[in-house]
Amino acid sequence: MIVQFTKQQAWDFLVIGAGVIGVSIARELRRRYASRVLVIEKESSSGRHASGRNSGVLHAGVYYKAGTLKARMCVEGNRRMREYCRLKGIPANDYGKVIVARSAAELPALRDLYARAQTNGVHAILLDGQGLREVEPCAKTVEQALQVKDTAVVNPQRVMEALVADAVQEGVEFRFSCLYQGRDGNEAAKTSQGRVAYGHLVNCAGLFADQVAHGFGVGSCYRILPFRGQFYRLRPGSQVQVRGNIYPVPDLHNPFLGVHFTHTPEGEVTVGPSALPLLGREQYRGFAGANAQDGLAMIRYLIRLIGGNRDHFRSIAWKEIAKLSHSGFYREAEGLCVGLRKDDLLPGKEPGIRAQLVNIRTAELSNDFV
Ligand SMILES: Cc1cc2nc3c(=O)[nH]c(=O)nc-3n(C[C@H](O)[C@H](O)[C@H](O)COP(=O)(O)OP(=O)(O)OC[C@H]3O[C@@H](n4cnc5c(N)ncnc54)[C@H](O)[C@@H]3O)c2cc1C
């Protein structure tokens, strides 16, 4: 990328959004070009949305097809983020994870994941039942399981705090409670704190990234649909012990990884997330945050996806609806480990909302960068 700066511009780069993507890109731009970088964020602090409300799992790179940009970035990102956390003294649970099969029908996909791991250069081992018991005594599987050693768990809030502190120290400027409201000509933005002139604009607006892009005539065939991930936590004192992470074999056509058990560095075991389609991009609780525009868009795409039953979408949708109830969620979780009782699942941390990209021409959920 060739970047040319002009002196009269107030900011060389304007970054919209102080999530993990916006803050990381802002730091890199500042380092590479010694440029003037401003990050604007509509909330009063960073990481208020997905970046501070996720499972905190540093994925190793087993899920993505070999050769995709996601596969390459996941493997490299895992290595770099683990190193970053080590340097910053951010605790991590490095025990790794196991992926278990809940039925014989899932074994081909499990072996497919093993092959992907090998091609992507990820350290993974196929275990038999005995091997699995040695690694995760409470996990259950049919015949085989996959152990992935490079998966780690960190506290996403701690990562955000460290990234923002570094960015500020390195000279990136932040304006919080500053909402991007659209273009003001070709080289300036309208914001809730006035006009901001820039040389380059970087769109890291998470759940609203499609709206920002559409304002520039970019990505008009894509739209973001929001899916809420609800968490439970394992009751302290439960007979179920989880050392690292226990994941199901996912449906490889579906971008969601399914309900899983995650042992956080703080010692809590989280169970989740679900992936409930929403009627609003920030609908964190009940119907608060639902709105007609997002709601109609979601209903329209659900009808298309369910009607066409693309990628078994109908059964995925029913499973997600079932997880709204405690017993539906329990049924999903108890397929992964031995001895889980209903009263082992207590209400968990704040939910997060995933920004899922959909191609509105084909009604396909996008699994890779576009
Ligand atoms: C439940 C859940 C679990 C997950 N678990 C994992 C996991 O274990 N591992 C993993 O790698 N990933 C996980 N993810 C995905 C991960 O959290 C996201 O990919 C990542 O946080 C996206 O970061 P972001 O910076 O793009 O978005 P965000 O964190 O959403 O940041 C975007 C920012 O832009 C701001 N913004 C939006 N519009 C405007 C505007 N108009 N003006 C100003 N500011 C604006 C928002 O307020 C927000 O702060 C999970 C996601 C969810 C929802």
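As a reminder, the structure under discussion sits directly above these lines.
Analysis parameters
- Residues numbered from 1 in each chain as written.
- Predicted model: local features only at pLDDT ≥ 70, side-chain atom pairs only at ≥ 80, totals over all residues.
- Heavy atoms only, no water.
- Helix = DSSP H or I, 4+ residues; strand = E, 2+ residues; numbered from the N terminus.
- Buried < 20%, exposed > 50% of the residue type's maximum accessible area, 1.4 Å probe, protein only.
- Pairing = 2+ DSSP bridges.
- Near = heavy atom within 4 Å.
- Polar contact = N/O pair within 3.5 Å; in protein donor to acceptor, adjacent residues only side chain to side chain.
- Areas by Shrake-Rupley, 256 points an atom, 1.4 Å probe, with all protein chains shown as cover.
- Contact = heavy atoms within 4.5 Å.
- Axes fitted to C-alpha atoms, helices over the stretch in contact; angles between N-to-C directions.
- Phe/Tyr/Trp six-rings, centres within 6.5 Å; stacked < 30°, edge-to-face > 60°.
- Lys NZ or Arg CZ within 6 Å of the ring centre and 35° of its normal.

### So, unusual backbone geometry
Excluding glycine, most residues fall at negative phi; most peptide bonds, likewise, are trans.
Logical step 1: Residue G272 is joined to P273 through a cis peptide bond whose omega torsion reads -5°.
Logical step 2: Checked against the element boundaries, P273 lands in the loop between β17 (269-272) and β18 (276-277).
Logical step 3: A positive phi angle, close to 70°, is found at E143, a residue other than glycine.
Logical step 4: Inspection of the secondary structure puts E143 in the loop between α4 (129-135) and β7 (144-148).
Logical step 5: Its identity as a non-glycine residue notwithstanding, S177 has a phi of 50°, on the positive side.
Logical step 6: Looking at the secondary structure, you find S177 in the loop between β9 (173-175) and β10 (180-183).
Logical step 7: Overall, the relative accessible area of 42% leaves S177 in the partly exposed class.

### So, the sheet that holds strand β4 (residues 92-93)
Logical step 1: One open sheet holds the three strands; their spatial order is β3-β8-β4, and the pairing between them is antiparallel. Every interior strand has two partners, whereas the edge strands, β3 (57-58) and β4, have only one.
Logical step 2: Pairing of β3 with strand β8 (residues 152-154) involves two bridges; the strand directions are antiparallel. Bridge pairing in β8 places L58 opposite A152.

### Considering the site of the ligand
Logical step 1: In the vicinity of the ligand, 31 residues are found, and the nearest of them are E41, S51, N54, V57 and Y180.
Logical step 2: A distance of 3.3 Å separates an oxygen atom of the ligand from a polar atom in the backbone of A50.
Logical step 3: Here S55 contributes a backbone N or O atom positioned 3.2 Å from a nitrogen atom of the ligand.
Logical step 4: For the ligand, whose accessible area on its own is 1000 Å², the fraction buried by protein is 81%.

### Some remarks on the sheet that holds strand β20 (residues 352-359)
Across a sheet, strands are paired by hydrogen bonds formed along the backbone, either parallel or antiparallel in direction.
Logical step 1: Spatially, the four strands line up as an open sheet ordered β18-β13-β20-β21, and their pairing is antiparallel. A single partner strand is all that each edge strand has here, and the edge strands are β18 and β21 (364-365).
Logical step 2: Inspection of the sheet shows strand β13 (residues 222-229) paired to β20 by eight bridges, in the antiparallel sense. The partner of F227 across the bridge, within β20, is R354.
Logical step 3: Helix α7 (residues 292-308) rests against β13, β18 and β21 of the sheet, and its axis sits at about 95° to β13.

### Re the side chain of T191
Logical step 1: Looking at the element boundaries, T191 is found in strand β11 (residues 188-191).
Logical step 2: Of the polar contacts made by the side chain of T191, one reaches the backbone nitrogen of Q193; its length is 3.0 Å.
Logical step 3: Within the structure, T191 has its side chain in polar contact with the backbone oxygen of G194 (distance 2.7 Å).
Logical step 4: Not counting the four nearest positions on each side in its chain, T191 is found in contact with I40, C178, L179, Y180, Q181 and V196.

### A closer look at the packing of aromatic side chains
Where two aromatic rings form a pair, the distance of their centres and the angle of their planes describe that pair.
Logical step 1: Taken as a whole, this structure holds four aromatic pairs when the rule is applied.
Logical step 2: Seen in terms of ring centroids, F174 and F176 are 5.6 Å apart; in terms of plane orientation they differ by 5°. Their pairing is stacked.
Logical step 3: Taken together, a centroid distance of 4.4 Å and an interplanar angle of 50° make the contact between Y232 and F329 tilted. Taken together, the residues span a long stretch of sequence, with Y232 in strand β14 (residues 232-234) and F329 in helix α9 (residues 326-333) at a distance of 97 residues.
Logical step 4: Take Y232: its relative accessible area is 12%, and that puts it in the buried class.
Logical step 5: When the ring centre of W11 is taken as origin, the NZ or CZ atom of R36, which lies over that ring, is 4.4 Å away.
Logical step 6: Sitting over the face of the ring of Y284, R53 holds its NZ or CZ atom 3.9 Å from the ring centroid.

That is the geometry; function is a separate question.
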